[in-house]
Amino acid sequence: MHKVVISGTGLFTPPHAVGNAELVEAFNAYVRERNEARAAEIAAGEMEPLAESSAEFIEKASGIKQRFLMDKSGVLDPARMAPHLPERGNDELSVQAEMAVAAAKQALEAAGRAAADIDMVIVACSNMQRPYPAMAIEVQQALGIDGYAFDMNVACSSATFGIQTAVNAVAAGQARAVLMVNPEICSAHLNFRDRDSHFIFGDACTAVVLERADAAISEHRFEVLGCKLATVFSNNIRNNFGFLNRCDETGVGQPDKLFVQQGRKVFKEVCPMVGEHIVGHLGSLDIAPDAVRRFWLHQANLAMNQLIARRVLGREADTVEAPVILDRYANTSSAGSIIAFHLHSHDLNAGDVGVISSFGAGYSVGSVILRRV
């Protein structure tokens, strides 16, 4: 069995930054128009009026100050409130593959690798823009990679599950190197008309190159000491969009065909699950939590990350120990923990230990323990 390292990472950031104030302005305009249109029903007590939002409420509830979007105008149009991403022809590179290729090229450059060095491509994210052909195969073709490719979906934990899959392939000799990519267009499955969730997500794409440790040549390498995955079924985070929707027209366009969650239940149930998972994983490798230099956590909610870090360390963690990118990028699903790793790992010294951890719908949780080479 071969030792495996992460030898390069990449990040694609969409062109449109949208602050809380802009998002709130569009949302409140929709609320006022809707309440005015249904004024008679509201006055008769047949319908509750929608409540307006505020930038202060969003930051206090989540820690988010802005997000990056693939399209801004459609989201901020009160009459639409969804990104406008025109369909592309079947012979054109799809938008999700375009994001993936951009991040992948950065990761390959950081690893000092070319397409010819990669044997396997995984696209792991919350929502694929189509069922088939696999997004990963399109990315493989666009980059000129031989070998094989496939898609994975474990919602917000897709990246850590993808890393585990890549590690297994490299360790067993099935692939010399693997490209694992997370193209998240979260704005496409977010209900921008829901006050409790319209601010949560942003768009982004990350990429990771994993390869045999004895062949890696990049300057910044992290040995994978171990991966641990777990799932427990829950309906508290759900998206019911799928091809079966056409079989029952009554469900088409309903709110459950976008992102829905029971936020308080998720917070209460997921935080202890993740904390125990990380502590148990570290313990299996005889690593004390205080010996971990950095925690690159899934960026869903600032309070969640703070509580998880406190459960692991037994004390508050500062932003050096547990970096926060949520304020700028919002929740980017599977990409969040990898963005944190990409932006906040180069200062670690040889021998320093860090943990990538993701968690989300499923419930799912994954952790990857790394040591700087």
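Residues numbered from 1 in each chain as written. Predicted model: local features only at pLDDT ≥ 70, side-chain atom pairs only at ≥ 80, totals over all residues. Heavy atoms only, no water.

**Some details on the pattern of salt bridges**
Note the cut-off: The salt bridge definition used is simple: a Lys or Arg side-chain nitrogen within 4 Å of an Asp or Glu carboxyl oxygen. Under the scheme applied here, a residue whose accessible area is under 20% of the maximum for its type counts as buried, over 50% as exposed, and between as partly exposed, the area being computed with a 1.4 Å probe on protein chains only.
Tallying each qualifying case throughout the model produces 16 salt bridges. With its nearest N and O atoms 3.0 Å apart, the salt bridge here joins D214 to R212. A relative accessible area of 27% means that R212 is categorised as partly exposed. Salt-bridge contacts for R371 lead to E223; the nearest nitrogen and oxygen are separated by 3.2 Å.

**Observations regarding the UniProt feature "domain: Beta-ketoacyl-[acyl-carrier-protein] synthase III C-terminal" (unreviewed entry) in the protein**
This is how the line gets drawn: UniProt positions are given in the numbering used here, feature names are shortened, and annotations may be inferred rather than shown by experiment. Counting from the N terminus, the helices are the DSSP runs of H or I reaching at least four residues and the strands are the DSSP runs of E reaching at least two.
What UniProt calls "domain: Beta-ketoacyl-[acyl-carrier-protein] synthase III C-terminal" (unreviewed entry) maps, in this numbering, to residues 286-371. Structurally, residues 286-371 is divided into 29% helix and 26% strand, and its ends, taken at the C-alpha atoms, are 14 Å apart.

**Describing the packing of helix α7 (residues 263-284) against helix α8 (residues 302-313)**
Stated formally: To get an axis, a line is fitted to the C-alpha atoms, and for a helix only the part in contact is used. The angle between two axes follows their N-to-C directions and goes from 0 to 180 degrees. Angles are sorted into four bins: roughly parallel if under 35 degrees, roughly antiparallel if over 145, roughly perpendicular if 65 to 115, and oblique for all others. In this scheme the crossing of two helices becomes right-handed for a clockwise turn of the near helix relative to the far one and left-handed for an anticlockwise turn of less than a right angle. Contact between two residues is taken to exist if any of their heavy atoms lie within 4.5 Å; hydrogens are not considered. Throughout, the ten residues Ala, Val, Leu, Ile, Met, Phe, Trp, Tyr, Cys and Pro are labelled nonpolar, Asp, Glu, Lys and Arg are labelled charged, and all others, Gly among them, are labelled polar.
Contact geometry of α7 with α8 gives a least axis separation of 9 Å together with a crossing angle of 40°. When the axis of α7 is compared with that of α8, the two are oblique. The way α7 lies across α8 gives a crossing that is right-handed. From α7, F267, V270, C271, P272, V274, G275, I278 and V279 reach across to α8, where they touch A303, M304, L307, I308, R311 and V312. Across the contact of α7 with α8, the residue classes tally to twelve nonpolar, one polar and one charged.

**Some remarks on the nonpolar core**
As a reminder, the rule being used: Throughout this description, the term nonpolar core refers to a set of buried Ala, Val, Leu, Ile, Met, Phe, Trp, Tyr and Cys residues connected via side-chain atoms within 4.5 Å.
Grouped together as the largest cluster of nonpolar side chains are 46 residues, with contacts concentrated most on I278, F295 and I308. Listing elements by their share of this core, those giving two or more residues are α1 (20-37), α7, β11 (292-297), α8, β12 (353-360) and β13 (364-372). If near-sequence neighbours (up to four positions away) are discounted, I278 is found in contact with F295, L297, I308, V312, V355 and S357.

**So, the UniProt feature "domain: Beta-ketoacyl-[acyl-carrier-protein] synthase III N-terminal" (unreviewed entry) in the protein**
Those residues carrying the UniProt feature "domain: Beta-ketoacyl-[acyl-carrier-protein] synthase III N-terminal" (unreviewed entry) are residues 150-215 in this numbering. Each end of residues 150-215 is marked by a C-alpha atom, and these two atoms are 24 Å apart; helix forms 21% of the span and strand 33%.

**Focus on unusual backbone geometry**
For residues other than glycine, phi is negative in most cases, and the peptide bonds are mostly trans. Looking along the chain, the bond that leaves Y132 and enters P133 is cis, with omega of -5°. Among the secondary structure elements, P133 is positioned in the loop between β4 (120-124) and α5 (135-143). Look at M81: it is not a glycine, yet its phi comes out positive at around 55°. Position of M81 among the secondary structure elements: in the loop between β3 (66-69) and α4 (95-111). For S333, which is not glycine, the phi torsion reads 55° and is therefore positive. Overall, the relative accessible area of 1% leaves S333 in the buried class.

**Description of the packing of aromatic side chains**
As a reminder of what qualifies: Working definition: a ring pair exists when centres of Phe, Tyr or Trp rings (six-membered ring for Trp) sit within 6.5 Å. Plane angles under 30 degrees give stacked, over 60 give edge-to-face, the rest tilted. Think of it as a cone above the ring: NZ of Lys or CZ of Arg counts as a charge over the ring if it is within 6 Å of the ring centre and within 35 degrees of the ring normal.
Under the definition given, this model contains six aromatic pairs. Both rings, one in F57 and one in F199, keep their centres 5.9 Å apart while their planes meet at 85°; by these two values the pair is edge-to-face. With F57 in helix α3 (residues 55-62) and F199 in the loop between β6 (177-185) and β7 (203-212), the pair connects residues that are 142 residues apart, well separated along the chain. What makes F199 buried here is its relative accessible area of 4%. Counting every residue linked through ring pairs, the aromatic cluster contains F222, W296 and F341. Above the ring of F57, the side-chain terminus of R195 is found at 4.2 Å from the ring centroid.

**Concerning helix α6 (residues 158-171)**
Given 3.6 residues per helical turn, the α-helix brings residues three or four places apart onto the same face. As a reminder, the rule being used: Helices are assigned an expected span. That span is 1.5 Å times one less than the residue count.
A rise of 1.5 Å per residue sets the reference length of α6, with its 14 residues, at 20 Å; its end C-alpha atoms lie 20 Å apart and thus fit the reference within 8%. For α6, a buried count of twelve out of 14 residues is recorded, marking the element as mostly surrounded by other parts of the structure. Among all positions in α6, only S158, A159, T160, F161, G162, I163, Q164, A166, V167, A169, V170 and A171 are buried. G173 lies just past α6 and shows a positive phi near 85°.

**Some thoughts on the packing of α4 against α5**
Contact pair α4 / α5: the axes reach a minimum separation of 9 Å and the direction vectors enclose 55°. Of the possible angle classes, the one that applies to α4 and α5 is oblique. As for how α4 packs across α5, the hand of that crossing is right-handed. The residues of α5 that touch α4, namely those facing Q96, A97, A100, V101, A104 and K105, are M135, E138, V139, A142 and L143. Classifying every residue of the contact of α4 with α5 by side-chain character gives eight nonpolar, one polar and two charged.

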